[in-house]
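# Structural overview
This is what each chain is made of:
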Amino acid sequence: MSWGRSRDAWPEYVPVATRVARATKQAQGRARKQGRQPAPVIIAGREIAKTFWGRAWCRNLEASSDFANRLPRGKTYVRNGSVVDLQIGPGRIDAVVAGSHVYDVSISITPITKAAWRAIRQDCGQSIDSLLDLLAGQFSDGVMQRLTRPKDGLLPQRSEMKMACTCPDGAWVCKHVAAVIYGVGSRLDVEPELLFRLRDADHQELIAAATTKAALAQSLAGSEAHALDTGDLAAIFGVDIDVAARKPRPKAPLAGTKKPVPAGTKKPALAGTKKAIRAGVKKAVLVVTTKAARVGKKNAARVSAKKATPKKRLRGTRSA
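So, here's what we can say about the structure.

Criteria and cut-off values
Residues numbered from 1 in each chain as written. Predicted model: local features only at pLDDT ≥ 70, side-chain atom pairs only at ≥ 80, totals over all residues. Heavy atoms only, no water. Helix = DSSP H or I, 4+ residues; strand = E, 2+ residues; numbered from the N terminus. Contact = heavy atoms within 4.5 Å. Core = buried A, V, L, I, M, F, W, Y, C linked by side-chain atoms within 4.5 Å. Buried < 20%, exposed > 50% of the residue type's maximum accessible area, 1.4 Å probe, protein only.

### Concerning the side chain of Asp85
- By the element assignment, Asp85 lies in strand 1 (residues 83-89).
- For Asp85, the contacting residues outside a window of four places in its chain are Ala27, Arg36, Pro38, Ala39, Pro40, Asp94, Ala95 and Val96.

Quick look at the structure:
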């Protein structure tokens, strides 16, 4: 009577490099048919995610007790390059993972609700306190903390994720799915906007919400870091701003100065920007250099003319 399976029943061991090469070849063929390039997950070092966005995604994954028994194997798979192709689209993740066979992983994520997104826009519009960061499209630490806040941020919860893998493992989260989820965390290091794409949200709406009249007035009233008046802000952001608390009193014009521009006329564009200053400096340097070159040519011509003209003899002297 046999108490165990025969040796021939166990599958033959295949090295990881061979598995990855086989899956990579298959992923490249699929991508070629779709007219794109495969996007493998490549981890440099032991850390899977190194930035705020990637770490927040991984922490959200590890906070679920349902993932706990599969996460260590998932980390091993993503570190050794088993996720040979990872595609992230609106509300969907598709990946090809190398294993004993080539497996397909698909994860669908529910879009964020309109009410939750509206609340995030309102909170972020009030917490952006740096106008320069806002102009550059960057988010402050307070905004990032709000976006990744548990339960009411952008990070999906367990009930908002549906996962599937073609492997025979019947677990809700197999090691291949765990590897893909960790791969998303690594991808967020370089493309944090993918988090908005996954939840079907437009991150530009956060900047638009912060440039409203109320948000800009609040930012201006709470900071003296930038010497910009409401007229300057209106010219920059293209909105009309009326802040009664900060409205300057009219000053009488000094003698010899230009008359103030009548009310209702269009205010000229800002002339004190860095671009305008640099252009003015370059123009001034060019003018000075040109004038100096002309003066130098004239002086050189005069000197050469004097040397070429023979000197007149003085009266009373005898020629040699």
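Picking up after the structure, the text goes on.
### What to know about the nonpolar core
- Core analysis: the biggest nonpolar cluster contains 52 residues, and Trp57, Leu86, Ile107 and Leu147 have the highest contact counts within it.
- A per-element tally of this core places helix 7 (residues 175-190) first, with eight residues.
- Ignoring any residue separated from it by four or fewer positions in sequence, one finds Trp57 in contact with Ile109, Leu155, Pro156, Ile181, Val184, Gly185, Leu188, Leu195 and Leu198.
- In this structure, Val20, Ala23, Val84 and Val96 belong to the second largest nonpolar core, which totals seven residues.

### So, the environment of Gln37
- Examined against the element boundaries, Gln37 turns out to sit in the loop between helix 1 (16-33) and helix 2 (52-62).
- Remark: the alpha-carbon pair of Gln37 and Asp85, spanning 48 residues in sequence, is separated by 9.0 Å.
- Setting aside its immediate chain neighbours within four residues, Gln37 contacts Ala31 and Gln87.

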